[in-house]
Amino acid sequence: MVDSGGLWTPPEDELAEALQTAQVLIEEGRADEAGPYQQRVIELARERAEGHPDHYEAKHLMAATQYELAGSLNASGRHEEALAALHEAQLGYTELSDAGVLDATSFLADVRARRAMTQAHRGHGATAVLEMDGAVIAYGQLVGGEDGPKHQPDFARVLAMNALILRRYGDPALAVASADAATQLFLQLADQINESPQSLSYARYLCTAAAVSADVHAAEGRLDLALEADEIGLTTADTLADSESATDLRTLVAALTRKGKHLSVVGRIMEGESCLSTAFATDAETAQRVTEELDRGLPLSLVAALENAELRLGPFEQYHRLLALSEPAPGMTLATVSGRTDPESAAVRASELAELIRPLLLQDVDTALTLGMEAHYLFAISSERESHRMRYETSKYAPVWAQVLLAISEAYYQAGRIDLALDLGGWCAEVATALIPFTDDDSVMKYLAGSCYRHHGDLLAATGDLLASQHAHEAAQQLQLGR
């Protein structure tokens with residue numbers, strides 16, 4: 001969203017003209033065209049800040065525009081550049097926060113959310129889930145605070161983004177919970193949102209939430225709820241299409257396709273065919289893409305994966321403890337992985353999941369990967385929240401985490417999902433770094449850490465990053481030589 005609050009007010013000069021042009025393009029769904037204007041805003045704001053370390057208005061404007069620039073770069077497919085812009089935005093907001101001139105909580109949460117979407121565009125879904133988890137938690141705390149109502153529309157926006165990422169890389173049960181919560185909040189805030197200058201952007205996120213709701217409810221046989229979500233999405237998309245934006249037209253076609261497929265399932269054949277024929281006549285490529293996505297179905301849920309594991313491996317002692325992760329932890333709403341349990345228990349449950357992965361890889365790869373990803377998410381959340389177990393029992397839990405990452409990263413690589421394998425390989429290298437203090441007198445730990453670095457290096461080489469691959473292999477070699 002456009003950062004229009006805080007320290008700065010738009011000036012009346014070339015900077016203001018560039019800023020206004022960029023914002024208009026974004027609102028019209030033409031973010032890919034806004035980049036040059038945003039670059040000019042950053043240049044002009046930087047000129048004003050030079051030599052004036054306390055020129056916080058200019059610094060705020062630079063941070064805000066770097067954040068918006070990342071969205072434009074993503075729309076143009078320039079995801080690495082988008083990550084760099086988000087890094088600059090984060091640095092800027094952190095500087096303002098440290099100076100005590102801005103409460104940057106919501107802005108930093110937005111940076112995490114946009115970084116999550118950027119990582120998802122790159123295929124780095126494991127990182128995307130965890131970045132978005134942090135953004136949702138931050139906004140959840142904001143809406144529970146003194147200024148809660150002010151943050152509600154953006155909380156709904158972040159929930160919609162979270163749902164989209166979880167639908168692809170996480171548990172569909174979490175995805176639909178997040179999508180339904182976003183949809184309900186958007187509808188409750190309709191009057192407030194319609195008066196907002198960002199109303200079109202919020203409407204686009206409502207379409208995203210409705211699409212995820214419809215997909216998951218339909219896949220689980222809840223066709224009445226799916227069609228309700230379809231109707232919300234189609235009505236909103238139809239209004240958006242008046243913008244004459246190509247992006248909004250694709251959103252309308254996607255909504256028509258989705259509804260047509262679901263109508264056919266419930267036996268309303270003629271209505272379904274009418275929706276589908278209109279969708280294909282308007283934009284056959286988009287309609288076909290959505291059809292293929294629906295035909296592929298959803299990832300396994302945690303509950304389904306645990307049931308599969310019990311069928312393959314026989315009854316196991318931790319089954320009911322792990323099944324309890326499908327219910328929200330006390331005081332939490334189950335729309336994020338971190339809502340499954342508290343940070344201390346997360347490391348324990350992750351270790352219990354880890355015991356299932358290697359035997360399952362020999363019998364049911366999809367189930368093994370689902371449980372492996374859930375274990376990784378729980379380990380990462382426990383680590384980020386600095387739980388006692390991850391801080392002071394590192395030698396117990398970090399090796400298990402590393403072994404999980406090695407196993408599922410290699411399995412994703414063998415399945416041809418190289419981007420996700422590389423993402424997990426990067427996490428593997430990070431965990432290896434945490435193991436180094438324990439490698440001096442533990443040959444097993446040293447071998448494991450070296451294996452993590454080598455695996456990451458192999459994946460970097462496979463994706464063409466030979467320099468980074470060399471550095472990773474050198475790190476493994478130095479570890480083996482004790483340097």
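Predicted, not measured: the structure shown is a model, and the values here were computed from it. (Residues numbered from 1 in each chain as written. Predicted model: local features only at pLDDT ≥ 70, side-chain atom pairs only at ≥ 80, totals over all residues. Heavy atoms only, no water.)

Draft legend 1. Representation of the overall build of the chain within the structure. Within the chain, the secondary structure is distributed over 23 helices and 0 strands. Radius of gyration (C-alpha) of the chain: 23 Å, near the 23 Å computed for a compact globule of 483 residues. Across its three principal axes, the chain shows a C-alpha extent of roughly 70 × 65 × 45 Å. Considering only contacts within the chain whose residues lie at least 6 apart along the sequence, 65% involve residues at least 24 apart. (Helix = DSSP H or I, 4+ residues; strand = E, 2+ residues; numbered from the N terminus. Rg over C-alpha atoms; globule rule 2.2 N^0.38 Å. Contact = heavy atoms within 4.5 Å.)

Draft legend 2. Quick look at the environment of A163. Tracing the sequence through the fold places A163 in helix α7 (residues 148–169). A163 gets classed as buried once you look at its relative accessible area, which sits at 0%. Leave out the neighbours within four places in its chain, and A163 touches A175, S178, A179 and V212. (Buried < 20%, exposed > 50% of the residue type's maximum accessible area, 1.4 Å probe, protein only.)

Draft legend 3. Just the side chain of S106, in detail. Structurally, S106 can be placed in helix α5 (residues 105–121). Take S106: its relative accessible area is 11%, and that puts it in the buried class. If near-sequence neighbours (up to four positions away) are discounted, S106 is found in contact with Y139, L142 and H151.

Draft legend 4. Looking closely at the nonpolar core. By size, the foremost hydrophobic cluster in this structure holds 99 residues, and its most contacted members are M132, I165, L306 and L371. Of the domains in this structure, domain 1 (147–299) and domain 2 (302–481) are the two that each give at least three residues to this core. In this structure, L69, A82, L86 and A104 belong to the second largest nonpolar core, which totals 17 residues. (Core = buried A, V, L, I, M, F, W, Y, C linked by side-chain atoms within 4.5 Å. Domains from an automatic or database assignment.)

Draft legend 5. Region of the structure containing the packing of helix α22 (residues 443–462) against helix α23 (residues 466–481). The contact between α22 and α23 brings their axes to 7 Å, and the two run at 165°. With respect to α23, the axis of α22 lies roughly antiparallel. Every pair of crossing elements has a handedness; the one defined by α22 and α23 is left-handed. From α22, K446, Y447, A449, G450, Y453, R454, G457, D458, L460 and A461 reach across to α23, where they touch L466, A468, S469, A472, H473, A475, A476, L479 and Q480. Split by residue class, the contact of α22 with α23 holds 11 nonpolar, 5 polar and 3 charged. (Axes fitted to C-alpha atoms, helices over the stretch in contact; angles between N-to-C directions. Parallel < 35°, antiparallel > 145°, perpendicular 65-115°, else oblique. Left-handed = near helix turned anticlockwise from the far one by under 90°. Nonpolar A, V, L, I, M, F, W, Y, C, P; charged D, E, K, R; others polar.)

Draft legend 6. Representation of helix α10 (residues 199–219). Relative to the 30 Å expected for 21 residues at 1.5 Å per residue, α10 spans 30 Å between its end C-alpha atoms, a close match to the ideal helical length. Of all 21 residues making up α10, 16 are buried, and the element is well covered by its neighbours. Within two residues after α10, G221 carries a phi angle of roughly 85°, on the positive side. (Expected span 1.5 Å × (residues − 1).)

Draft legend 7. Summary view of the pattern of salt bridges. Scanning all chains against the criterion turns up 25 salt bridges. The partner of D171 in a salt bridge is R340, and the shortest N-O contact between them spans 2.8 Å. With D171 in the loop between α7 and α8 (172–188) and R340 in the loop between α16 (319–323) and α17 (343–361), the pair connects residues that are 169 residues apart, well separated along the chain. With its nearest N and O atoms 2.7 Å apart, the salt bridge here joins R321 to E352. Separated by 31 residues along the polypeptide, R321 in helix α16 and E352 in helix α17 bring together distant segments of the chain. By relative accessible area, which is 32% here, R321 ends up partly exposed. Several salt bridges converge on common partners, so that one network encompasses R112, R115, E131, D133, E384 and R385. (Salt bridge = Lys/Arg side-chain N within 4 Å of Asp/Glu carboxyl O.)

Draft legend 8. Region of interest: unusual backbone geometry. In the Ramachandran plot, E386 falls in the positive-phi region, its phi being about 55° despite a non-glycine side chain. Residue placement: E386 occurs in the loop between α18 (365–384) and α19 (388–392).

Draft legend 9. Quick look at helix α21 (residues 418–435). Helix length check: α21 (18 residues) gives 25 Å between terminal C-alpha atoms against 26 Å at 1.5 Å per residue, within 8%. In terms of residue burial, α21 counts as a mostly covered element, since 13 of its 18 residues are buried.

Draft legend 10. Local environment of the domain arrangement of the chain. For the chain, the domain assignment lists domain 1 (147–299) and domain 2 (302–481). Just the C-alpha atoms count here: the centres of domain 1 and domain 2 sit 32 Å apart. Taken together, the 7 residues of domain 1 in the interface contact 11 residues of domain 2. When domain 1 packs against domain 2, close to 690 Å² is buried across both sides, 57% of that on carbon and sulfur atoms. On inspection of domain 1 and its partner domain 2, the count reaches 1 salt bridge. Applying the counting criterion to the domain 1 and domain 2 interface returns 4 residue pairs in polar contact (both at pLDDT 80 or more). Secondary-structure elements contributing two or more residues to the side of domain 1 that touches domain 2 are α7 and α8. (Buried area = accessible area lost by both parts, 1.4 Å probe. Polar contact = N/O pair within 3.5 Å; in protein donor to acceptor, adjacent residues only side chain to side chain.)

Draft legend 11. Region of the structure containing the packing of aromatic side chains. Inspection of every chain in the model, using the stated rule, returns 5 aromatic pairs. A centroid spacing of 5.8 Å and a plane angle of 20° characterise the contact between F379 and W401, whose relative ring orientation is stacked. Placement of F379 in helix α18 and of W401 in helix α20 (residues 394–414) is noted, with a sequence separation of 22 residues between them. Like W401, F379 is buried. Three or more aromatic residues link up through ring pairs in this structure, and these residues are F379, W401 and W427. R114 extends its terminal NZ or CZ atom over the ring of Y67, reaching a point 4.1 Å from the ring centre. (Phe/Tyr/Trp six-rings, centres within 6.5 Å; stacked < 30°, edge-to-face > 60°. Lys NZ or Arg CZ within 6 Å of the ring centre and 35° of its normal.)

Draft legend 12. Broad picture of the packing of α7 against α8. As a packed pair, α7 and α8 sit with axes 8 Å apart at the nearest point and diverge in direction by 155°. Taken together, the axes of α7 and α8 are roughly antiparallel relative to one another. The handedness of the crossing between α7 and α8 is left-handed. In this structure, α7 uses Q152, P153, F155, A156, R157, L159, A160, N162, A163, L166 and R167 to contact α8, whose residues at the interface are L174, A175, S178, A179, A181, A182, L185 and F186. A class-by-class count of the residues in the contact of α7 with α8 yields 14 nonpolar, 3 polar and 2 charged.

Draft legend 13. View of the state of the cysteines. Applying the stated criterion to the full structure yields 0 disulfides. Here C275 stays free of any disulfide, with the sulfur of C207 as its closest cysteine sulfur at 15 Å. A relative accessible area of 12% means that C275 is categorised as buried. There is no disulfide at C452, and the cysteine sulfur nearest it, in C428, is 3.2 Å away. For C452, a relative accessible area of 0% puts it in the buried group. (Disulfide = S-S within 2.5 Å.)

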